[in-house]
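A structural walkthrough
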Amino acid sequence: MSAAEEVVGEGHEAVEAVPKRAMTLGTGTSLLVLAVLLIVPVFVKNFIIFQMTMLLIYGLAVLALNILTGGSGQFSLGQSAFYAVGAYTSAVLMEHANINYALTIPISATVCFGFGYLFGKPALRLSGVYLALATFALATAMPQLLKLNFLEHWTGGVQGLVVTKPDAPFGLPMSQDMWLYYFTLIVTLAIYIFSVNLLRSRSGRAFMAIRDNEIAASSMGVNVALYKTLAFGVSAGITGVAGSLGAIAVQFVAPDSYTITLAISLFLGMVVGGVGWLPGSFVGAAFIIFVPNMAESISKGLSGAVFGVLLFLVIYLVPHGARQIAIMGQQLAGKIKRN
Amino acid sequence: MELFTNQVLAGIATGAIYACMALAVVMIYQAIDHLNFAQGEMAMFSTFISWQLMQWGVSYWAAFIITLAFSFVAGIAIERILFKPLAKAPVLTNVAGFIALFAIINSSAGLIWDFTIKQYPTPFGSSPFLGSQLISTHQAGMIGVTVLLLLGLYFFFQYTRIGLAMRAAASVPESARLVGINTSWMIALGWGMATAIGSIAGMLIAPVVFLEPNMMGGVLIYGFAAAVLGGLSSPFGAVVGGFLVGVFENLAGTYIPGVGNELKLPIALALIISVLVVKPAGLFGRQIVKRV
C-alpha cells in the first residue's frame with residue numbers, strides 16, 4: 001500500500017490520499033469494461049438489464065459522494081436529499097410540463113447544483129462529525145418536506161408520482177429497458193469522464209489540497225470557501241442526475257423512497273469501493289444492490305445480521321475497499337511481467 | 001402560560017432521555033474520536049436483556065445491576081473483537097463498521113424477541129410527581145438518575161487515578177503511553193462505560209417509548225444532536241444539550257404552526273445547525289487550535 005498512503009489531516013476528516021495514477025483504471029481495462037457493458041445486455045433478460053441500469057445509477061450517486069469525500073474531504077450523509085430533488089425535478093417536469101425525459105436531466109443537474117451550492121455555503125464552517133450531522137438533518141428532513149401540503153399539487157404528496165417509461169427513439173428495435181440502459185450508460189460515461197478530468201484539473205487539485213490540509217491550501221492561495229462549496233455543488237448535481245435516471249428507471253417517485261437509508265447505502269458503497277477511487281464507485285454500487293438480496297436469500301429473519309457480517313468481512317479483509325484489490329492486482333501483474 | 005410551563009416541563013422530562021443518550025455518545029467519542037452509530041442498538045439490546053431477566057422472575061433492581069455488568073463486559077468485548085483490528089483502518093471504514101454492527105444487533109434482536117411492542121416496568125411508578133399534573137414520578141426519576149450519573153462521572157474523571165488515565169489516553173495517547181498508561185485498554189474501558197451508560201438510558205426510556213427493536217432510532221438521533229449541540233468534548237455540555245433539545249422540540253411542536261409531530265425532528269436539527277454555524281465547537285466544547 002505504498003502508493004496509497006494515508007493522510008491523517010487535522011480534525012476527523014481523515015481520508016486517504018489518492019495518487020493521480022491510481023485514480024482510474026488503465027486504458028486497456030477501461031476499454032474491456034466498456035465492451036462488457038455494451039455487449040452483455042444483448043444476451044440477458046430484461047430484469048437483469050434493469051438491474052444493470054440500477055447499478056449504473058447507484059454507481060453515479062456513489063461517484064458523486066466520492067468526489068465530495070474522496071476529492072475535497074467533506075463528508076455527507078445527506079446524498080439521499082439531492083437524489084430526491086433530482087428524481088422529483090424529472091418526475092414533475094415530465095408529468096406536469098410534458099418535457100422530454102432527456103431534457104429533464106440537464107435541468108435537474110442544474111437545479112441540484114444550485115441546491116448543493118447553497119447548502120454548501122452555511123456548511124462551510126462545519127467539518128467532520130458536525131458536517132455529518134448537518135447533512136444527516138437534510139436527509140431526514142427531505143421526505144417530510146416532500147409530503148408538505150402546499151406542494152402536494154406538484155409532488156403528489158404521500159402517494160408520489162408515476163413516471164412514464166420512454167420508448168426507444170428513431171424506431172430502434174429495442175425494448176424500453178434496453179434503451180433506458182444504453183441511455184443511462186451514455187450519461188454515466190459522460191459524467192465519469194467529466195469527473196476524472198475534473199479531479200485532474202486545477203480545481204481537482206484544489207479540492208485535494210483542501211482535503212489534505214485546509215490551512216496549508218489557503219496559505220497557498222486556494223480559495224477554500226469557493227472550492228468547498230463548488231465540491232458540494234458538483235456532487236449534488238451528479239447525484240441529481242442519478243436521481244433523475246432512477247426516477248425514470250423505476251417509473252415512480254415517492255417521499256419514502258428517499259430516506260436516510262438510501263444515504264447510508266451510498267456511503268457504504270463508497271467505503272466498499274474505496275474512498276477516492278472513481279471506478280470503485282461502481283463496485284460499491286454492486287455491493288449495495290446485490291449483497292442485501294444475497295443476505296435475504298441466505299436467511300430471511302436474519303438478513304440484517306448477514307448483511308452486517310458480510311460488511312465486516314469486507315472491511316477486515318480490504319479496509320481500503322475494492323481499490324486495495326485493484327492495487328494488489330496491479331502489483332501482481334507487474335511482478336509477472338518482470339519475470 | 002400554563003401551556004408554556006407544561007410544555008417546558010414535559011420537554012425537560014424527554015430531555016433527560018436525550019441527555020442520558022448524549023452522555024453515552026460523548027463517553028465513546030472521548031475514547032475513540034468516533035460517533036458510534038450502533039450505540040442506540042446496543043442500548044436497546046441491553047434493555048431487552050433486562051426485560052428477559054424480569055420475565056424469568058428476577059426483581060427490577062437485580063436485573064438492572066446484572067444488565068449493567070453485562071453491558072459493561074459486552075462493550076469491552078465488542079471493542080476487543082470487532083473494532084481493535086480496525087484501529088489503523090481509515091476513519092470512514094470504522095463508520096462502516098458501526099453501521100454493520102447496527103444491522104447485526106437490530107436484526108438479531110428482532111429474531112430473538114420479535115417486533116411486537118412490549119410493556120416495560122418503571123421502578124419509580126407512574127403517578128403524578130408531588131401531586132402536580134405536569135410530570136410523572138417516572139419522569140422525575142429519570143431526571144434524578146441523569147443528574148446522579150453526571151455527578152458520578154464527574155467525580156470518576158476528576159478524582160480517580162483511572163479516570164485521570166482515561167483522560168490522558170484520550171487527549172494525548174503518545175505521551176500517555178510514555179508514562180505507562182495502557183491506552184489500548186483505556187479505549188476498551190471507554191467502550192464498556194459508554195455501553196453501560198447507554199443501557200441505563202435504554203432502561204429509563206423503555207417505559208416511555210415501549211420496548212421493541214427499533215425503539216432507539218429516534219432517541220439516538222436526538223442524543224447525537226444533543227451531544228453535538230453541547231459540545232462533543234464535554235459530558236456536562238451533552239447533558240445540558242439534551243435538556244435544551246427536549247425543551248425546544250416540545251416548544252416548536254406547540255407554538256410553530258404547521259410543525260406538529262412530523263416536522264419536529266427536522267426543526268430541532270435545523271436549530272442545532274444554526275447554533276453550530278455560530279459556535280462550531282458546540283456550546284460547551286473546546287475550540288481546538290490547529291497547527292499546520
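Since we're looking at a predicted model, the values are computed, not measured.

**What to know about the interface of chain A and chain B**
Opposite the 45 residues of chain A that make contact, chain B presents 45 residues. Of the roughly 3700 Å² buried between chain A and chain B on both sides combined, carbon and sulfur atoms contribute 77%. At the surface where chain A touches chain B, the tally comes to 0 salt bridges. Of all the secondary-structure elements, those providing two or more residues to the side of chain A that touches chain B are helix 5 (128–146), helix 9 (214–219), helix 11 (260–273) and helix 13 (303–317) of chain A. The residue makeup of the side of chain A that touches chain B, split by class, is 31 nonpolar, 10 polar and 4 charged.

**Quick look at the packing of aromatic side chains**
Counting across every chain of the model gives 31 aromatic pairs over all chains. Geometrically, the ring pair formed by Phe45(B) and Trp113(B) is edge-to-face, given 5.3 Å between the ring centres and 70° between the ring planes. Within this pair, whereas Phe45(B) is found in helix 2 (residues 39–55), its partner Trp113(B) is found in helix 4 (residues 91–113), the two being separated by 68 residues in sequence. Grouped by ring-pair contacts, the aromatic residues Phe312(A), Tyr316(A), Phe83(B), Phe98(B) and Trp191(B) constitute a single cluster. Here Arg80(B) stacks its cationic end above the ring of Trp185(B), 4.2 Å away from the centre of that ring.

**With respect to unusual backbone geometry**
Look at Asn98(A): it is not a glycine, yet its phi comes out positive at around 55°. Here Asn98(A) is to be found in the loop between helix 3 (79–96) and helix 4 (101–123). Residue Asn98(A) is classed as exposed on the basis of its relative accessible area of 68%. Backbone geometry at Asp114(B) places phi at a positive 50°, although glycine is not the residue there. Following the sequence through the fold, Asp114(B) ends up in the loop between helix 4 and helix 5 (137–159). In this structure Asp114(B) comes out as partly exposed when scored by relative accessible area, which is 38%.

**Some thoughts on the side chain of Glu212(B)**
If you trace the backbone, Glu212(B) turns up in the loop between helix 8 (183–209) and helix 9 (216–230). Despite its burial, Glu212(B) pairs with no opposite charge; the closest candidate is Lys118(B), at 8.7 Å N-O.

**Some thoughts on the packing of helix 3 of chain A against helix 10 (residues 224–250) of chain A**
All names here are of chain A. At a minimum axis separation of 7 Å, helix 3 and helix 10 run at an interaxial angle of 50°. Relative to helix 10, the element helix 3 is oriented oblique. Along this stretch, helix 3 crosses helix 10, giving a crossing that reads as right-handed. Here Gln 79, Phe 82, Tyr 83, Gly 86, Ala 87, Ser 90 and Met 94 of helix 3 lie close against helix 10, whose contacting residues are Phe 232, Ser 235, Ala 236, Thr 239, Gly 240, Ala 242, Gly 243, Ser 244, Gly 246, Ala 247 and Ile 248. Residues that form the contact of helix 3 with helix 10 fall into these classes: 9 nonpolar, 9 polar and no charged.

**Observations regarding helix 12 (residues 280–298) of chain A**
Residues and elements named next belong to chain A. For helix 12, spanning 19 residues, the distance from its first C-alpha to its last is 26 Å, which sits close to the expected 27 Å at 1.5 Å a residue. Along helix 12, the largest kink reaches about 30° and is centred on Phe 290; proline Pro 292 follows within four residues of it. Listing the buried residues of helix 12 in full gives Gly 280, Ser 281, Phe 282, Gly 284, Ala 285, Phe 287, Ile 288, Ile 289, Val 291 and Ala 295. Residues of helix 12 that are buried in the fold lie against helix 2 (46–72), helix 7 (176–200), helix 11 and helix 13.

**Observations concerning the environment of Ile78(B)**
All names here are of chain B. The topology assignment puts Ile 78 in helix 3 (residues 60–83). On the basis of relative accessibility, which here comes to 17%, the residue Ile 78 falls in the buried class. Between the C-alpha atom of Ile 78 and that of Leu 101, which follows or precedes it by 23 residues, the distance is 9.4 Å. Apart from residues no more than four positions distant in its own chain, Ile 78 is found in contact with Met 42, Phe 83, Leu 101 and Trp 191.

**Details of the nonpolar core**
Counting residues in hydrophobic clusters, the biggest one holds 201 residues, and the most contacted among them are Phe267(A), Phe312(A), Phe83(B), Leu101(B) and Leu232(B). The element that contributes the greatest number of residues to this core is helix 1 (residues 2–32) of chain B, accounting for 16 residues. Apart from the residues lying within four places of it in its own chain, the contact partners of Leu232(B) are Val129(A), Tyr130(A), Val25(B), Val26(B), Tyr29(B), Gln30(B), Leu35(B) and Ala227(B).

**A closer look at a nonpolar patch on the surface**
Judged by side-chain polarity, Val147(B), Leu148(B), Leu151(B), Tyr154(B), Phe155(B) and Tyr159(B) come together as a nonpolar surface patch covering roughly 660 Å² of accessible area. Of note, Leu151(B) is situated in helix 5.

**Remarks on the pattern of salt bridges**
Under the counting rule described, the total for this entry stands at 4 salt bridges over all chains. Notably, a salt bridge pairs Lys228(A) with Glu214(A), separated by 3.1 Å at the nearest N-O pair. Remark: Glu214(A) occurs in helix 9 and Lys228(A) occurs in helix 10; sequence separation between them is 14 residues. When its relative accessible area of 4% is taken as the criterion, Lys228(A) is described as buried. A salt bridge links Glu79(B) to Arg80(B); the nearest nitrogen and oxygen atoms lie 3.1 Å apart.

**Overview of the packing of helix 3 of chain A against helix 11 of chain A**
Angle between the axes and distance between the axes: these two values describe a pair of packed helices. Residue and element names in this part refer to chain A. Relative orientation of the contacting elements helix 3 and helix 11 amounts to 115°, with a least axis distance of 7 Å. One finds that helix 3 runs roughly perpendicular with respect to helix 11. Every pair of crossing elements has a handedness; the one defined by helix 3 and helix 11 is right-handed. Here Gln 79, Ser 80 and Tyr 83 of helix 3 come into contact with helix 11, specifically with Ile 260, Leu 262, Ala 263 and Leu 266. Looking at the contact of helix 3 with helix 11, its residues break down into 5 nonpolar, 2 polar and no charged.

What counts as what
Residues numbered from 1 in each chain as written. Chains lettered and ligands numbered in written order. Predicted model: local features only at pLDDT ≥ 70, side-chain atom pairs only at ≥ 80, totals over all residues. Heavy atoms only, no water. Contact = heavy atoms within 4.5 Å. Buried area = accessible area lost by both parts, 1.4 Å probe. Salt bridge = Lys/Arg side-chain N within 4 Å of Asp/Glu carboxyl O. Helix = DSSP H or I, 4+ residues; strand = E, 2+ residues; numbered from the N terminus. Nonpolar A, V, L, I, M, F, W, Y, C, P; charged D, E, K, R; others polar. Phe/Tyr/Trp six-rings, centres within 6.5 Å; stacked < 30°, edge-to-face > 60°. Lys NZ or Arg CZ within 6 Å of the ring centre and 35° of its normal. Buried < 20%, exposed > 50% of the residue type's maximum accessible area, 1.4 Å probe, protein only. Lys, Arg positive; Asp, Glu negative; His and termini not counted. Axes fitted to C-alpha atoms, helices over the stretch in contact; angles between N-to-C directions. Parallel < 35°, antiparallel > 145°, perpendicular 65-115°, else oblique. Left-handed = near helix turned anticlockwise from the far one by under 90°. Expected span 1.5 Å × (residues − 1). Bend = angle between axes of the 7 residues up to and from the residue. Core = buried A, V, L, I, M, F, W, Y, C linked by side-chain atoms within 4.5 Å. Patch = residues over 30% accessible without salt bridge, like charges linked within 9 Å, V, L, I, M, F, W, Y side chains within 5 Å. Areas by Shrake-Rupley, 256 points an atom, 1.4 Å probe, with all protein chains shown as cover.

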